[in-house]
Every structure is written in structure tokens, then in C-alpha cells.
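Here is what each chain is made of, one letter per residue.
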There are 2 protein chains.
Amino acid sequence: MSRPTPLSGFPELLPADRAVEREVIATLSRTFELHGFANIETRVVEPLDRLAKGGEIDKEIYVLRRLQADETADDTGLGMHFDLTVPFARYVLENAGHLEFPFRRYQIQPAWRGERPQEGRYRQFTQADIDVVGKDELPFHHDVEVMRVMIQAVGGLPLPPLSFQINNRKLIQGFYRGLGIPDVTAAIRAIDRLDKMPPEAVIELLEEQAGATREQAERCLELATIRASDHSLVQRVQALGVDDDLLSRGLAEVATVLEGCADLVSEGHVTLEANLRIARGLDYYTGTVVEIFMEGYERLKSVGGGGRYDALADDGRTTYPGVGISFGLSRTLLPLLTEGVLAGSRPVPSAVLVALANEESRPASDRIADALRRRGIACEVAAAPQKYGRQIRYAERRGIPFVWFPATGPDRSDQVKDIRSGDQVDADTASWTPPEADLRQTIVTRSRTDPPVSEEKTE
Amino acid sequence: MSRPTPLSGFPELLPADRAVEREVIATLSRTFELHGFANIETRVVEPLDRLAKGGEIDKEIYVLRRLQADETADDTGLGMHFDLTVPFARYVLENAGHLEFPFRRYQIQPAWRGERPQEGRYRQFTQADIDVVGKDELPFHHDVEVMRVMIQAVGGLPLPPLSFQINNRKLIQGFYRGLGIPDVTAAIRAIDRLDKMPPEAVIELLEEQAGATREQAERCLELATIRASDHSLVQRVQALGVDDDLLSRGLAEVATVLEGCADLVSEGHVTLEANLRIARGLDYYTGTVVEIFMEGYERLKSVGGGGRYDALADDGRTTYPGVGISFGLSRTLLPLLTEGVLAGSRPVPSAVLVALANEESRPASDRIADALRRRGIACEVAAAPQKYGRQIRYAERRGIPFVWFPATGPDRSDQVKDIRSGDQVDADTASWTPPEADLRQTIVTRSRTDPPVSEEKTE
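What counts and what doesn't
- Residues numbered from 1 in each chain as written.
- Chains lettered and ligands numbered in written order.
- Predicted model: local features only at pLDDT ≥ 70, side-chain atom pairs only at ≥ 80, totals over all residues.
- Helix = DSSP H or I, 4+ residues; strand = E, 2+ residues; numbered from the N terminus.
- Buried ≥ 20, exposed ≤ 12 C-beta atoms within 10 Å, placed from the backbone.
- Contact = placed C-beta atoms within 7 Å.
- Least-squares fit on C-alpha atoms with pLDDT ≥ 70 in both.
- Pairing = 2+ DSSP bridges.
- Axes fitted to C-alpha atoms, helices over the stretch in contact; angles between N-to-C directions.
- Expected span 1.5 Å × (residues − 1).
- Domains from an automatic or database assignment.
- Nonpolar A, V, L, I, M, F, W, Y, C, P; charged D, E, K, R; others polar.

Participant: Give me the lowdown on the overall build of chain A, citing residues and values where you can.
Facilitator: For chain A, the count of helices and strands is 14 helices and 19 strands. The C-alpha extent of chain A, read off along each of the three principal axes, is 95 × 65 × 45 Å. Split into buried and exposed, the 459 residues of chain A put 47% on the buried side. Within chain A, counting contacts between residues at least 6 apart in sequence, those at least 24 apart form 69% of the total.

This is how it looks when you write it as C-alpha cells:
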């Protein structure tokens, strides 16, 4: 069989990079669990009728067919999930009788979309999602909760600074309604184009598609330019002179989220601000919306997002409102790994290579390795009894920091060499411990020396 | 949308059971890493030409098609992997220039087969695989290594006793060759039917399909009945009076594996024996083969297996021999979870529910929760300021062992209640710690009270 080539849109990591991804997943999981979020894993497939609602996304779904199915047999009727929200909503409905509400869950899994691959957009990609879902009702304080949890979770990662930008659907809808714009939904859709079109073109869209007057359209744009991370937000919106109940409620909610997270974002690695341009497309959000951006990687667009759904799920009798945020693991990590901003400290878990004097002494070297392992030190035994210089180079190529030399006689001691410094000392398997930093594979961060080349994207 | 029903063959776990699966995965991963095995994750799809070799397995592959692809467009040419060996072999070939050999990897991922679901057999199922792969050659001691690692890994799990049953393809082939059986491959295939057919029928198969004489066929069956966990194995095989080089080498290899693992299997939770009936079907094994069985769950057939491939991968220029073992996580865990032999201690990570006196004091309760979290104690704040009795019952329903009551006045102390014993004591967020056993979700094991009903299987 010939040498295979990578499959476009299905990135895979070498072992050192995979260690980075695992460490990131472990850090996120730890934070989510400290806040009482339970992990679930859903099957990768959903019935097509659950995936296909919404229309727009249909063409990106992968459908399963059994290879040797009957000629007459059709598809299985199953498609691969394209996010973790649809399967979660289905899981909640399916298991509602066995869950306690409010139900906090996190889920870190791949999803699939058959779209054209580009930087940060893959056909298989991993997301980390948190959601809180209630039965019949879900108090607003959970909007603050999920924001706080996600800020703390990603704030613990060795990533470039992240910016959480929030808005609120009630605020937008109330403002448009208060202004008297005939088609509020069309107006949201038009404003959502602001990152892809010049303002003048968006004003035209507002006039043509939302039925706005020129003056109304300009006020919509004024609202959309407001960004604030403190209470000045309220004054600036009120200064636009639109009076509407829904607007007031939405504005109060945005202010409450800002205030509720203020203690977490004062140190600057993660920032939070209201950005009244954020609309989160046509999804079924009904209150808080958020998008996450990574400094220096604005070309990736948002690397996460979410918000409040008044009906995350609904089985005809009961409604399950939810609020959640999704963070794009592949979207953030893969560009950083590719550029070398993040790297794994070594491609193997082993902290120690136990040298091998000759093939007959393999059991002795194995016993040394097992003694170290019982004390939590990962190690491997040299594959072959080469000269010690070659065994050291073998360790070097794998990034293993220590080589252990078994005692050469009954009155001699074992020795261990730090192959980076060359230091070699007597050592005992019962007490020797590598420095904490060498014990496990870790993440090495480097600052970017060259600004990345911006890649053109095709919509 | 109506209430969904589970999809046959695609099992999902409730949060408490998922916590069991996660703990099992963490335990396996820890052992694999202590032995220097690096984790990788491969994409879920492979080009069909890589999946379809071997013929027999073809009909179980799920093929991907884009839902909205052109009418004229065909399948993507991609299928979902049905095991972790095919993708690993491809990964090795694709990345050989970036890997150091011998390359030790572990992989814990789902795989998919479109076959009819039954107990222990699912359409989506998770496996844990370890392999060591060499370039051009891979010394035999790695056969002992992978066996030792997997014995220790699964020996650390709260499962019923596991039996590793080993054999060696060289031993079988050498024996058949030494006996003078015309078609050795057909003979292996026939002997492999011993668990599905009476011995007399297998003898007929050996005569008809392998061209064996009645006497040769009987000797094959004699070999297949040998089971031994010590050196008596060698004598019993030699007593059959067949002389062949390959047989001798295979026999020595089996004996070496038994001997090399003897110290690990003396305690009885995991046992290891040679069982010369084991052939591992028609896979491309060339030396050591192993199957794993779980006591009391023989109806599941083997719950794991593997062996030595002289050519795990081959790109036309270089051959990559490998030896590995796969352990069926879904196959073992799901029946145990269903029967209640294993259960999660609680469905949420939270060890503490911080009570809420009234909605105005939510920030105070949040601060208590954050203080505990900083010390590694998972907690959640009550969703609503109900009467404390109702908040305690809320904790009870979630299996949260402790409820924390914020101080009711400036000269009062916080208090924490163990809701199982009713004990309530003064407590300080800076020093109070729950017992180790309550800190995290754990696995609760129960012995089976009723023997499980054996389910009929259809081949």
C-alpha cells in the first residue's frame, strides 16, 4: 500500500501536539467540573430530521450509508452532528426523566461539516461546550454563571488574549421595535453582515429588506457601533433616545453580565465588553449572545460563542430553556500549533529512559522501570542494548530528559543523567524524583516572531 | 418536536455512568503513559480503499455522503473506521518521517460497524488500543511488553476477573506444517470455528477444507485443547510428537510471554494462560495472539484481543511490524453498567451545594463557592432561595454529600452539613475539606445478585 497523504479538512496531530490538546482538554474539564458541570458524550449521529431544521445548514451534513447495503436500500437516515447543541437538546429530551434541572453539562467532542476547509475551519473539528438547561424556566443568573465559567476555563489556557463580546437579542429587538422598523428579523440579518460589508451597504440592506427609513437605518448603525465594558454602556444606549420595554430589559441584562464578571476580567488576559454589533446570525437566541475573539487571530473570526435560548428543547409538553457557550478547540489550537506558538514539551510521556547494558539484563532494567512507575514516573526501557552514547541520543531524539544507568556491580549504585545539562548522579529508584516540570509532558509557549500572513477567505 | 427514542446500537450514558467511563479511561491512560505510550487521536474517516481490504468486513462500513451533494455526485469515498488498527497503520505511514521508532501509542476512541446490535456489540463502540510499532524490525521482547502493559492497565479497573488467553501463529502453523496438513490456512480457519461448532464438525471441516486425514484432524484438535499457564505447556505440546522449526519458535515465544508476565498474574484478578485454540480469525497476525475474556460474561465472547503483525503497515519501501492489544471499553462497561455491577457515585461533580438564603445574597454564596473551588473542591450554588429543607433535598437528589450554609450574621460562622449523617459543623472556606472519598465522583461496585439472563445471539 502506498504512502497516504493527509485528507483536506481532517487535521490530525503528531504526538507532541496531541499532548498539548489533551492538556488543554484536561484544564477545561477541571474548571467545568469545579463548577458542577457534568460531562456527557453523545453518539456522533442524529436522525436527519433533527439535524435538518433551519434549512441553511443542510448542505454541510454528512449522511451515513452502509457500504454493502442493498441496491434498493436508502441512506440510514442518520447524519453526523455539525455541532454539540443539537445532540445535547435531543439528549435532554430523551433523558429528561433521569436528569435533575437545572442540568449543567459540558461536552468536548468532534463535530463534522462537509464545507470547504480553510484555516480554522475543518470538516472534523473539536468543540468544548457548556450549557445550563432548566425545565420550564431558567433564571437569568445562569447567564452570568456560564459566562463566568467559560471566562475562567479559557483564562486558564496558554492562549493569546481572548475577548468576550456580548450583546442581547432583547436589546436589539427592543431597539428596532422602539424605532419602528417594520421587519425586525430582516434588520438583525442585515446588521449581522457588518463584518462582511461596508456600513453604507448595510444601510441599503436595512432600507430594502427591513423596510427602514434612512434615518432609522442610521440609528441601527449607531447602536451597532457601541462598545463598552462598564456602565457607560447604559448611558450611551439611552442617549439614542429610543424607549422600549424589551430594550430596557435587554440593556439591564447586558449590564448585569458585565458587572457579574468584572472581578474576572480585570487582569487583562481575558476581556469582556458589550459590542452591540454582535447578533449571532439567525440562531434561536432570545437574550444574551456572546462571541469570543482571539487577539492577533481576528482572521479566524470568532473562536467561540453562544447565548440564551428560551427553548433549547421542547417536546410539545415541556420547554427546556438553556444558556451555553461553545469554544472552538480545533479552531484555536490548530493555527497556534501550526505556527509554533504552542508546542508540546516532548512527543512521549516518558521522563526517563532506562538504559540497557545488554539483552540479558533486560529484566533488571525492566524492574528499575517498574519501580519508577510505581512512584508515578513515566519511563521506557531502551529498545536495544546499543552503546550508551547511542542510547542517550535515542533519548534526545524523543525529548526524554533523563537516562537511568543500572548499577554495573553489586557495590555500585544506579546513576541518572540529565541529558540536557550532562549532570550525572547516584540515584535510587525508591527516592529519586525528576523536577516537577519534567514529570509530565507540558505545553511550551513561544511568542510569535513573525506576524502571520493573513489568508484570504472565500465565503 | 416530539420526545426522541434511543437509537439501537448507539448507546449513550447518563451522567453518573459517563463518570464511570471517564474514570476507567483515565486509569487506562495513566498506566499506558507510565509505560511511555503516547496518545494519538485519528480522524474518524478513512478512504474506502484503506478500509475495504480483507473483503469480509466490507458490509459493516458506514460511508459518508454529503446530504446536499449534487445529484451526480457520488459518495465522498470516505468511510468511518471500524477499528483503531487501520487508522493507526495509515497514521504511521503518513507520519513515519516525524515519528521515532519503536513508536508506542495508545488510542481510546469510538469505532463504527453497521452490524446488527446485540449485547456487547454496538454500532458505535469505544476501544482502548495499545501498539508498539517498529521500522523494518521489532524485537520479540515488545510482545512481552504490550502484554504486561495491558495486564496492568485492565488489572487496575474495577471489573470482574479477566483472563488473557494467548497462542502463537507460528506454533499453530508449524504444528500443522509438521503434521503435513496440505492447507494450513484452511486448517486455522476450521479450528477457529471450535467455539461455534461441536468438535466432530470441526474435524469434518479439517478433512474437507484443509485436506487433513482423520488422524491429522484429531491431532489438530488435541493441540487445540491444550491450556496451561506454566512450563507444562512445552511438555504437553512436545508430547504430541510433531517436530517443526516454526512450531519450536512459536512454542518458545508463548513460554516466554507466560514467564515474562508471571509476576503480574499471581494475584488472580487477571490471569494469563496459553490456550492453543485461540487463532484470532483471519487477521494478519504472524506470531503472538491473545484474546481477553471476562469472568461471568463469557456470553460476550472476547472483550479484547490482539497480537503481532510482521507488517502492520507497509508503504512499498519500508515495512512496519507491530504488536498490540485492543480492549473493548463499551463491550465491558455497558453490560456492567446496565446490570448495576458498576455505577457512578453521583451524577454531578459537585461535592458541595452552597445554600442560598435569599436572591440578594447570591453574590455572597458565589464567593463561598469560588473560595472552595480555588482549593479544588467542586461545588454549585443552589438554583433558587428555597427553604433550607428543600435545598437539602435538592442536594440529595443530585447525590451531593455536603450542603454549605453561609453565616447568618457577622458574629456567626458558616456551617457545613453532611446530609447523609446529618452532622453539621462550623466551617471555614479556607480550611474545610471533604473526605478524600467524597471529593470526586467515584466508581461504586456491587456484586451481581442475580445471574444475568443469557441472551441468544444470531451470527
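Still to come is the rest of the account.
Participant: Which residues make up the environment of B:Thr76, and what values go with them?
Facilitator: Residues and elements named next belong to chain B. Within the secondary structure, Thr76 sits in the loop between β3 (62-66) and β4 (78-80). C-alpha separation for the pair Thr76 and Thr319, spaced 243 residues apart in sequence, amounts to 29 Å. Discounting residues that sit within four places of it in the chain, Thr76 has contacts with Leu64, Arg65 and Arg66.

Participant: Which residues make up the relation of the copies chain A and chain B, and what values do they have?
Facilitator: Its rotation angle being 180°, the transformation that places chain A on chain B also includes 0.0 Å of axial translation and leaves an RMSD of 0.0 Å. These values place the two chain copies in the arrangement generated by a two-fold rotation axis. Of every C-alpha in chain A, the one belonging to A:Leu64 sits nearest the axis of rotation, 2.5 Å from it.

Participant: Explain the sheet that holds strand β17 (residues 414-418) of chain B to me, and be specific about the residues and the numbers.
Facilitator: Residues and elements named next belong to chain B. What the five strands build is an open sheet, ordered β15-β14-β16-β17-β18; its pairing is mixed. This sheet does not close on itself; its edge strands, each paired only once, are β15 (379-381) and β18 (424-427). Across this sheet, the average inter-strand angle for adjacent strands is 25°, counted without regard to direction. For β17 and β18, the ladder comprises four bridges, and the chain directions are antiparallel.

Participant: Break down helix α1 (residues 15-34) of chain B for me, with residues and values.
Facilitator: The end-to-end C-alpha separation of α1(B) is 28 Å, in line with the 28 Å expected for 20 residues at 1.5 Å each. Within two residues after α1(B), B:Gly36 carries a phi angle of roughly 85°, on the positive side.

Participant: So what's going on with the domain arrangement of chain A? Residues and values would help.
Facilitator: According to the domain assignment, chain A contains domain 1 (15-343) and domain 2 (352-444). Taking only C-alpha atoms, the centre of domain 1 of chain A and the centre of domain 2 of chain A are 48 Å apart.

Participant: Got a sec to walk through the interface of chain A and chain B? Specific residues and values, please.
Facilitator: Facing 62 residues of chain A, the contacting portion of chain B comprises 62 residues. When contributions to the side of chain A that touches chain B are tallied by element, the ones reaching two or more residues are α1 (15-34), β1 (38-39), β3 (62-66), α3 (85-95), α12 (362-374), β15 (379-381) and α13 (388-398) of chain A. Taken together, the residues that form the side of chain A that touches chain B break down as 26 nonpolar, 14 polar and 22 charged. Pairing between β3(A) and β3(B): five bridges, direction antiparallel. Paired with A:Arg66 across the two strands is B:Tyr62, which belongs to β3(B).

Participant: An account of the sheet that holds strand β14 (residues 352-354) of chain A is requested, with residue identities and associated values reported.
Facilitator: Residue and element names in this part refer to chain A. Pairing is mixed in the open sheet, where five strands are placed in the order β15-β14-β16-β17-β18. Each of the sheet's edge strands pairs with one partner strand only, and the pair in question is β15 and β18 (424-427). With direction set aside, neighbouring strand axes in the sheet form an average angle of 25°. Along the sheet, α12 contacts β14, β15, β16 (402-405) and β17 (414-418); its crossing angle with β15, the most-contacted strand, is approximately 175°.

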